[in-house]
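Analysis of the macromolecular model
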Amino acid sequence: MAYEDDDPPLSLHLPRPISEPHLRLDPLSLSAPSAVRHGSRAESERLASSQPELADADARLVIVGDPGRTDPHLQLAGNAVRTAKYSPFTFLPRNLFEQFHRVAYVYFLVIAVLNQLPQLAVFGRGASVLPLAFVLLVTAVKDAYEDWRRHRSDRSENNRAASVVDSRDSQFRTKRWKDVRVGEVLKVFADETIPCDMVLLATSDPTGVAYVQTINLDGESNLKTRYAKQETTSRPIGDAHPFAAGLIRCERPNRNIYGFLANMEIDGKRVSLGPSNIILRGCELKNTAWAIGVAVYAGNETKVMLNSSGAPSKRSRLETHMNRETLLLSAVLITLCSVVSICNGIWLGKHRNDLELSQFFRKRDYSDSGENYNYYGIGMQVFFTFLMSVIVFQIMIPISLYISMELVRLGQAYFMIRDTNLYDESSNSKFQCRALNINEDLGQVKYVFSDKTGTLTENKMEFRCATIRGRDYSSGKVPLQDNGGTHSVLVGDRIWKPKMSVKTDPELVALLQSKVETEQGKQACEFFLALACCNTIVPLVVETADQKQKLIDYQGESPDEQALVYAAASYGFVLIERTSGHIVVDVRGDRQRYDVLGLHEFDSDRKRMSVIIGCPDKTVKLYVKGADISMFGVIQKTVNLDIIRATETSLNAYSSLGLRTLVIGMRKLSRNDFEEWQSAYENASTALIGRGRLLRAVASNVERDLHILGASGIEDKLQQGVPEAIESMRQADIKVWVLTGDKQETAISIGFSCKLLTSEMTQIVINSNSRESCKKSLQDAVAMSSKLAAISPDSENILRGTGSSRIALALVIDGNSLVYILETELEEELFKVATVCDVVLCCRVAPLQKAGIVALMKNRTDDMTLAIGDGANDVSMIQMADVGIGISGQEGRQAVMASDFAMGQFRFLVPLLLVHGHWNYQRMAYMILYNFYRNAVFVFILFWYVLYTAYSLTTAISEWSSVLYSVIYTALPTIVVGILDKDLSRRTLIKYPQLYRAGQRDERYNLKFFILTMMDSIWQSAAIFYIPYLAYRHSVVDVSSLGDLWTLAVVVLVNIHLAMDVFQWNWITHASIWGCIVATVICVIVIDSIWMLPGYWAIFHIMGTGLFWLCLLGIIIAGMLPHFTTKALTEYFMPNDIQIARELEKYQKNAATTSEIPMSTLSQLL
Amino acid sequence: MNNVNGSVVGSSSGSGDGSAPRRNSKRPKYSRFTQQELPACKPILTPKWVISVFTLIGVVFVPIGIASLMASNDVVEIVDRYDNVCVPPNMTNDKVAYIQNNATDKTCIRTLEVPKHMSQPIYVYYQLDNFYQNHRRYVKSRNDAQLRKRSQANETSGCDPEKRTIDGAPIVPCGLIAWSLFNDTYIFAIGNKNLTVNKKGISWKSDRDHKFGKDVFPKNFQSGPLIGGAKLNATKPLSEQEDLIVWMRTAALPTFRKLYGRIEQDLNAGDVISVTLKNNYNTYSFSGKKKLVLSTSSWLGGKNDFLGIAYLAVGGLCFFLAVAFTIVYLVKPR
């Protein structure tokens, strides 16, 4: 159990939502309960103790074993689940409805619809609908495939078999899951999955204990304990309807997985039920031969299914900016359309008398009694022209960009997932991309909020040292080898061995082996016995390849407890069996059975747990272990004061080493004491109201006057590469904040060991217990920081944060102070202090406070925040931050489920941010700009031409070419470049973390770039249009030929523009860019080979003339000249960091090879 | 000690997670592609490159520019605007009435002097100014199916407002483009000797062979109340109506030329050509201009100095940039 009130939260024992790929957790239901433990006491009180009466109106009544009476009208949900969204009939309408939630799609739909009106028909029917249809189709196919997979998994899930009591003859019959109904009594056998949420009635264990494994839900492999009520466990099985009399009154279905409010009326008694009495769908029954329960929630009303709705999706920074530029483009579009329609009105006004006789206009249709044909007066014509010009210029807003971005992100995700540098060997986990729309945010992170346990550290607790009777045994360095059978047990003809061995202290081993009779030896024995039995660990025996040997795997909810039990085993106190009534411990070869008479579980008020053991020698002992603060309060201080002092000294020493400490105490209970406790305990545990509080009082009452046995130090090992990663991030100007539930001392020592804090730093510690003192320390901190800033006026260094002249500041603040700061006006002060500090360390923070701190920075700055954590207590923070990263480590998968990206190790942040993030940002930024540019060039060409068609919106470029332009002619290269192009090699990016700052400063995509690009696109479109226009003026050239020239020119030019900006040319880039030009030529040729179209054979005619080729060459050179010149100028005279690094990369490397350095050197770098 | 195999441990199947990951490692397979390490070339714009590129462009562009200018200069072009002068002086106030009056004689004689020797073939064009053959109403007003296949004669969709006659019979060829076919005619003579104008092969072969049917004959053409232009010989198939085929290749720009025919003999400097033309086509209603153009051609087409000047300008600019960059690099190296 987590005695230090640290991260592994107690409330995690309950199952969590299922980890099937299509399900996502609901953030709220997760964050709230995990807050319970750290947060308000009232909340935990409510959950754990007495339950408010359920009004019948709000309750669901379940008559045990009688589904017919429980649900006479079949109103309750059956157990069939349906995660699939669509049925074959609803697919089309629903899918389309969902897709049109995107505003851009609505825009294109409106345009396609407008185009269907005969007055406005600009494009042919097919050509106008095609792009939108294509986009919709691609998405629909993707959705359909996903849904088909869901259907398939639903089907197999619904058809699984369950054993259900038949209400007619009370025999267990096999039923399919989907036919299970609320009220039915089910029997689940070992290793079976639980088909619905059921209240436990009885289990194979006489005391009604059942163990469930929730690996299918959340990936946690440890066992959780559930209980059947005593009132139901004792009933004989097989009799007619043993539980028939029961009536369960429970809450309506809700998504709170950690809460369950119900009571059961049975035999006229009312028994209350809580979260520990229910087993949830999706869990697996383990270590229990069978369990019988009654279904209370079924199918889509189970807690797991209610929690499977999607989380709100995040939107990347770049995309938000992109929307701003999209608006600008819309303004440009409207301007163009207005210009065209107004000019059209003026032209019509000037020529209104000519319209009838002009051969090219001819207002009237004489076959139809001389009515006007398609002419409705100047006003209407202007209006129609406006709408038509919107249709013609529609691709100013690039529809293909949306699809391209999705594809590029997919490709980027593919490369991140396949990156061997992001693969964690120890947990065998690849990088996971759970959110597909914020890849590029990884390149702009400014603040990293990190959890400590399990994120910076491995959360693999290892017993390091102990203090017994005031004597410190901390020299344990030599791992205990297979020396005899001290820590393996002979069972029958087999050897059982604990799965892990722990380094032992030779002195302590010697003490235990030879000097047991001394006082010190006795104490040591008691100490390790306490470690072995004062816990909730369940030993699991695992077969090994070796027939002779079995491994004992200690399963438990707390890694600290696991570490202690393994330690005890290594010193010869092997826990080999636990039932609810007794445990079996092999005490150095002598197997002893201890009766577990009572167990007071850990809670966050007492911060300790205790167990009452009936020893083989008929004595009754109370073993207690807990956090030092809480333990010293209940230790008998009248004797052995020097031992207590010595223990305290060792504890401080351990703590400063970054060890997690626990104090162990014991008390021998006299018969009177025990009986007194027993009656109190029985009273409390059968109490109907306030049971939790009463039990706690009983526990506090007995946990007193303890005799101190000793203390243990457990190391939470730092993950590999953490200090180096933090250093890299510091250089990249990423501020790392550590938010932890640990104590201040532990947090600071971890801070030092991971190089987050250095001895040169000035620490500002805010550790206050009241609002006023908090305010005062904040003001002091502000004053101090400004004073320090004044000492070093070199602002450059402050910005860089690397200057040695400046005294670095570190802020250490604890959760108590944060209570008074967050969400008050003091927030602003904290923000000020925090921004000038290089490092911020928050200790003893609750999950919601973690989210609060993230929100503090996120709301007050434009900087991108990233939160990284591994536990359920990090979920709220992960969801709050712009980018949430889950560590798939020891603490289960809740953080992973809530995260946007998941990976195995903290140090992967460096390649993820500095390399992939940088690349993704750079690529995506360029791609968006390029797409805007590319479509703008095309639109401007159309616009220039419209000026020479009496503003009648004729397009010289054939309509099919217009449609295919952004789909085929120019789509692939930008996607390929968006996925593959690298401005810098991985090695350079890792070597110079400073390069990451480009992303933080929005260097690759900003308004200035956008405007420059747009100006370039105007120039290029003018070159494309006016060179042929002037060259072919007063000639016989026909509209299709000139259109073909423009088509080819624009495609070649935009592809060459792209080619000029590509950083790295590999064969794929070559193939896509040049291939696209070839494809365009082929497409144009195909289009011009259709005799139905007016442009028949035009391309062959025009390509046969020299003028065509001269125009093309002139367009390319004249068009690219400004871009090329500015590029050459800026790269040479105003190079940015990236440019310099590129040149370094190219010229400093032994010129022989152009390929990259193999990864092996890189992993050394990391 | 059999009780050790109690209920707790006995039923355990063992999760075996210790050994499982070893067997099916999820480690991504290494390949240069997935690690994004494909061999690649990384070009950098070094001064050497920049200056060479500019110089190269200059070296290529200036000669091309000079060649184009020379080609353009070699082209001899005679342009004669006749729409206004061919209106009788008494009708200049109402040119539209003049041109619409079928009774008046539209003959008009123009004399042109050949400024320089023109070698054959000499192309005869008519040029219309301000005629929006690329107007949306106009461009769309045709039906290509009807032009190609006799069986599709009824297919007149898209031809509005010149689709059918008043009695509903389909017009072949339908649409505004065909309806507005240009109908001025020119007869050239030097002194008393007529110059023959070859009107065969003035249209694209691809159009004659595949776009205009050999068995499609004009029907109900130009029978409406408003005459747009030329009438067609109903006995000649469309594939032989070359003036129509040329006209139907709608021009890209509002000022355009269309090939009228070719004079296949050399003209000498100082020759005076007299042109007898029928000024039938109505451009007065929209103040369009009509010009007659006689022109030789070069490898670059007709007379147009623009491309030559543009190439010279770009080439010169590149030379300038090359020099400027060189100086800057020398004076102020990075």
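Residues numbered from 1 in each chain as written. Chains lettered and ligands numbered in written order. Predicted model: local features only at pLDDT ≥ 70, side-chain atom pairs only at ≥ 80, totals over all residues. Heavy atoms only, no water.

In the annotation of an unreviewed UniProt entry, the entry for chain B reads ALA-interacting subunit, and the organism field reads Musa troglodytarum. Here chain B is described in UniProt, under the heading Sequence similarities (unreviewed entry), as follows: "Belongs to the CDC50/LEM3 family." According to the UniProt record, the Subcellular location (unreviewed entry) comment for chain B is "Membrane". (UniProt positions renumbered as here; feature names shortened; annotations may be inferred.)

Per an unreviewed UniProt entry, chain A goes by Phospholipid-transporting ATPase and derives from Musa troglodytarum. What UniProt states about chain A under its Sequence similarities (unreviewed entry) heading is, verbatim, "Belongs to the cation transport ATPase (P-type) (TC 3.A.3) family. Type IV subfamily."

Take the packing of aromatic side chains next. Applying the stated criterion across every chain yields a total of 70 aromatic pairs over all chains. Between Y554(A) and Y566(A) the ring centres are 4.9 Å apart and the planes differ by 65 degrees, which places this aromatic pair in the edge-to-face class. Here the residue Y554(A) occupies a position in strand 23 (residues 549-555), and Y566(A) occupies one in helix 15 (residues 559-570), the gap between them amounting to 12 residues. Here the two residues Y554(A) and Y566(A) agree in accessibility, since each one is buried. Here the basic side chain of K106(B) rests over the ring of Y98(B), its NZ or CZ set 5.8 Å away from the ring centre. (Phe/Tyr/Trp six-rings, centres within 6.5 Å; stacked < 30°, edge-to-face > 60°. Helix = DSSP H or I, 4+ residues; strand = E, 2+ residues; numbered from the N terminus. Buried < 20%, exposed > 50% of the residue type's maximum accessible area, 1.4 Å probe, protein only. Lys NZ or Arg CZ within 6 Å of the ring centre and 35° of its normal.)

To continue, consider the UniProt feature "domain: P-type ATPase N-terminal" (unreviewed entry) in chain A. Following the UniProt record, one finds the feature "domain: P-type ATPase N-terminal" (unreviewed entry) at residues 75-126 of chain A. Split by type, residues 75-126 of chain A is 48% helix and 0% strand. Its first and last C-alpha atoms lie 49 Å apart.

Further remarks concern a nonpolar patch on the surface. All names here are of chain A. Among the surface-exposed residues, L328, L1007, I1011, L1012 and M1015 lie close enough to one another that they form a single nonpolar patch of about 430 Å² accessible area. At four residues, helix 34 (residues 1007-1031) tops the list of elements feeding residues into the nonpolar patch. Relative to the elements of secondary structure, I1011 occurs in helix 34. In this structure I1011 comes out as partly exposed when scored by relative accessible area, which is 41%. (Patch = residues over 30% accessible without salt bridge, like charges linked within 9 Å, V, L, I, M, F, W, Y side chains within 5 Å. Areas by Shrake-Rupley, 256 points an atom, 1.4 Å probe, with all protein chains shown as cover. Salt bridge = Lys/Arg side-chain N within 4 Å of Asp/Glu carboxyl O.)

This part takes up the sheet that holds strand 3 (residues 122-129) of chain B. All names here are of chain B. Read across the sheet, five strands follow the order 1-9-3-7-6 without closing on themselves; strand pairing throughout is antiparallel. Looking along the sheet, the strands with just one partner apiece sit at the ends: strand 1 (77-81) and strand 6 (197-198). Looking at chain direction, strand 1 and strand 9 (residues 289-295) are connected through five bridges and run antiparallel. Within strand 9, the residue paired with E77 across the bridge is S295. (Pairing = 2+ DSSP bridges.)

We now examine the state of the cysteines. Residue and element names in this part refer to chain B. For the coordinates displayed, the defined rule picks out two disulfides over all chains. Note on cysteine connectivity: C86 is disulfide-linked to C108, with sulfurs 1.9 Å apart. Taking the sign of the S-S torsion, about -70 degrees here, the bridge from C86 to C108 comes out left-handed. Of this pair, C86 sits in the loop between strand 1 and helix 4 (95-100) while C108 sits in strand 2 (residues 107-113), and the two are 22 residues apart along the sequence. (Disulfide = S-S within 2.5 Å.)

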